[in-house]
There are 2 protein chains.
Amino acid sequence: MTSAREPLERFHAVIPAGGVGSRLWPLSRADAPKFLHDLSGSGRSLLRDTWDRLVPIAGADRIMVVTGRAHRAAVEDQLSELADEQIVLEAEPRDSTVAVCLAAAILELREPDVIVGSFAADHIIGRLPLFEQAVSEAVQTADAGYIVAVGIKPTGPSTGFGYIKQGAALEVEGAPSARMVESFVEKPDLATARGYLRDGGYLWNASMFISRADVLLGQLGETKPQLLKQLRELAAAWEDQSTRGPAVDRLWPKLEKVAIDYSVAEPAAAAGRMAVVPGLFDWDDVGDFASLAKVNSGGRKTDLAILGEHARVLADASSGIVVSQTSRVISLIGVKDIVVVDTPDALLVTTTENAQRVKSVVDALKLTGGGNVL
Amino acid sequence: MTSAREPLERFHAVIPAGGVGSRLWPLSRADAPKFLHDLSGSGRSLLRDTWDRLVPIAGADRIMVVTGRAHRAAVEDQLSELADEQIVLEAEPRDSTVAVCLAAAILELREPDVIVGSFAADHIIGRLPLFEQAVSEAVQTADAGYIVAVGIKPTGPSTGFGYIKQGAALEVEGAPSARMVESFVEKPDLATARGYLRDGGYLWNASMFISRADVLLGQLGETKPQLLKQLRELAAAWEDQSTRGPAVDRLWPKLEKVAIDYSVAEPAAAAGRMAVVPGLFDWDDVGDFASLAKVNSGGRKTDLAILGEHARVLADASSGIVVSQTSRVISLIGVKDIVVVDTPDALLVTTTENAQRVKSVVDALKLTGGGNVL
């Protein structure tokens, strides 16, 4: 679909704000998910920071938030300027394909030539001019018909992310760094990750995708035609409250849960329709407390990061991170790389090395009836 | 002073119940000192356990508790059978010489041939028949005119206790294991402690002293005549409320703070008046959280000891100790030899290796205005 308007004028950001962030329990939990917390020490929630960095690119009236019904009040509290038509409330979480593609389908009906970009609500990004530059290039590339990932330039041999293998350079005006995606690669082991870093042709997959709505939905139709049909039905019923409710009741329970990486990005790459723009900005998905410690201690491993407005910490010969949601005195003596998360009803003590195992505690609590603190 | 009554009939136990137990902060603190806690998992406070093991030896009406005014209600709550004349309330803490010798002076006026034994309110003792046997031998030895320590047979090369070097065997009827004390030795370094253990002639000094009141006070008179005079004045004024108050007001502020080890035991040893009976019972002074962990995990270093009536602990690959005074869920992941003490207003996270350093936190909190949690 060609358009008379410039690509950036047609750009619309989508923020899927779902996901509890189990690896950040007991800080993040069902009623206080990760995106509602200030994890960067900015004084603002991750969601608010996400919004604020998209406003200069898309404009405050061209950002859509997709979130759970339970989080509506909290989201609106964070984003007071959010208009009703800018929020899509999910009846139940249905993973990222539904979140992003339903938003795209709704937006496409409002604005057929729209270019949509999806941006996680719970990542930390720094050096914003570089972010804006990357998104701008991605939007130009999307207008040429590609589905475009913004891939993160690795700062180390991470085994916690999937990778994007870059292919040949593209010749898109306004997007000098855009390349084809040769393939998506699952989370590697350390030796492989080190190889990727040396090779230089690999980027981290941050699930940041930009494309024309028609291209995105066309791709989904090839791999998940049934899901696309359901999402189009929902979108058609969406604008009218009298039709939206019945459509949601009828269709939502049947919607397939699948990550957009699998339903769209990987098939698009295989079909030669996937491009990537390298992101040189600072990026962290704050995936666990080790990551949170790193982000908040300026990367110095010997430091103790302290989060919490009322934190009262007395530390001696200790490093790692303390997250305090109470006003209790917290005293650490001789504990290295420690993780202490102090909330009114749950306390976590672990080490940065074990940070990834926090999710297993949440799973255990689900099984053992500790659900009231999840 | 000779007496017609058998030594054990004249025995009277004194329990100095003072001392906060700073190394057990934030569990132990000014308004909840160590002796009021159940640290053995017995379901009873250390004070109550101390009382219960002295009753078979002295009788419930021949035990005197010396404690601070602030702890009166808590002590009486623990010891409902305590009569008014069995409690000595200290206006201010004045260390062990005042606590034990004032009690001895009061008891001597009531019963001139009394034999007094002092027993800390906050130690854990097991294998009680052996304890009773040792105290019995100590009482017999005391009747012969000695000041008698019950020294603990070392179970390892501890650097946390002073030692008693045993001298020649004594020939006291009913006390076959009594020996002279050759000297008291300050806390040694590890190499020296190992030497003591190999030598076999050294016992731990648990500050458990038994002697005739007249002998004890006579010894105090030689080293601290002024203090003895003050304590005798207090004792003389004690039984009448109308005289006790003014005497306390006048004398208490002047009383010297000195440990009975220095005012009585060491000078008595130098003068050849100090005897020792080895204690073969289980003993622990629960001096810090490492000790508390050991006592409560059956000595198995790989175990996690859990204290607290309402403790909800979820532990994975963790060892050490959790003390919970809240009903919060406490989750530990991959933390070895950890110490977590969770109270309503203060949290401590350290390791058993650093347990002795807890006192320094308390000192720091005193300086930095955190006194409300001490």
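Conventions we followed
Residues numbered from 1 in each chain as written. Chains lettered and ligands numbered in written order. Predicted model: local features only at pLDDT ≥ 70, side-chain atom pairs only at ≥ 80, totals over all residues. Heavy atoms only, no water. Phe/Tyr/Trp six-rings, centres within 6.5 Å; stacked < 30°, edge-to-face > 60°. Contact = heavy atoms within 4.5 Å. Buried area = accessible area lost by both parts, 1.4 Å probe. Polar contact = N/O pair within 3.5 Å; in protein donor to acceptor, adjacent residues only side chain to side chain. Helix = DSSP H or I, 4+ residues; strand = E, 2+ residues; numbered from the N terminus. Nonpolar A, V, L, I, M, F, W, Y, C, P; charged D, E, K, R; others polar. Axes fitted to C-alpha atoms, helices over the stretch in contact; angles between N-to-C directions. Parallel < 35°, antiparallel > 145°, perpendicular 65-115°, else oblique. Pairing = 2+ DSSP bridges.

Draft legend 1. Inspection of the packing of aromatic side chains at higher detail. In this structure the tally under the stated criterion is 16 aromatic pairs over all chains. Consider the rings of Tyr196 of chain B and Tyr202 of chain B, whose centres lie 4.0 Å apart with planes at 15°: the pair is stacked. Through a chain of ring-to-ring contacts, the aromatic side chains of Phe11, Phe119, Phe131 and Phe281 of chain A assemble into a single cluster.

Draft legend 2. Summary view of the interface of chain A and chain B. Listed per partner, the contact involves 35 residues of chain A and 35 residues of chain B. Together chain A and chain B conceal approximately 2500 Å² of surface at their shared face, both sides included; 60% is due to carbon and sulfur atoms. At the surface where chain A touches chain B, the tally comes to 20 residue pairs in polar contact (both at pLDDT 80 or more). For the side of chain A that touches chain B, the elements supplying multiple residues, two or more each, are strand E13 (312-316), strand E15 (329-333), strand E16 (338-342), strand E17 (346-351) and helix H11 (358-367) of chain A. Taken together, the residues that form the side of chain A that touches chain B break down as 20 nonpolar, nine polar and six charged.

Draft legend 3. Representation of the packing of helix H6 (residues 213-223) of chain A against helix H9 (residues 260-270) of chain A within the structure. Residues and elements named next belong to chain A. In the contact formed by H6 and H9, the axes pass within 9 Å of each other and the chain directions differ by 100°. Regarding the angle of H6 to H9, the classification is roughly perpendicular. In this structure, H6 uses Leu216, Gln219, Leu220 and Thr223 to contact H9, whose residues at the interface are Ile260, Ser263, Val264, Pro267 and Ala268. Taken together, the residues of the contact of H6 with H9 sort by class into six nonpolar, three polar and no charged.

Draft legend 4. Expanded view of the sheet that holds strand E13 (residues 312-316) of chain B. Strand order in the open sheet formed by six strands is E12(A)-E14(A)-E16(A)-E17(A)-E15(B)-E13(B), and the pairing between neighbours is mixed. Pairing within the sheet leaves two strands with one partner each, and these edge strands are strand E12 (304-307) of chain A together with E13 of chain B. When the angles between neighbouring strand axes are averaged without regard to direction, this sheet yields 10°. In terms of strand pairing, E12 of chain A meets strand E14 (residues 320-324) of chain A through four bridges, oriented parallel. Counterpart to Ala305 of chain A in the pairing with E14 of chain A is Ile321 of chain A. Helix H10 (residues 289-296) of chain A rests against E12, E14, E16 and E17 of chain A of the sheet, and its axis sits at about 95° to E14 of chain A.

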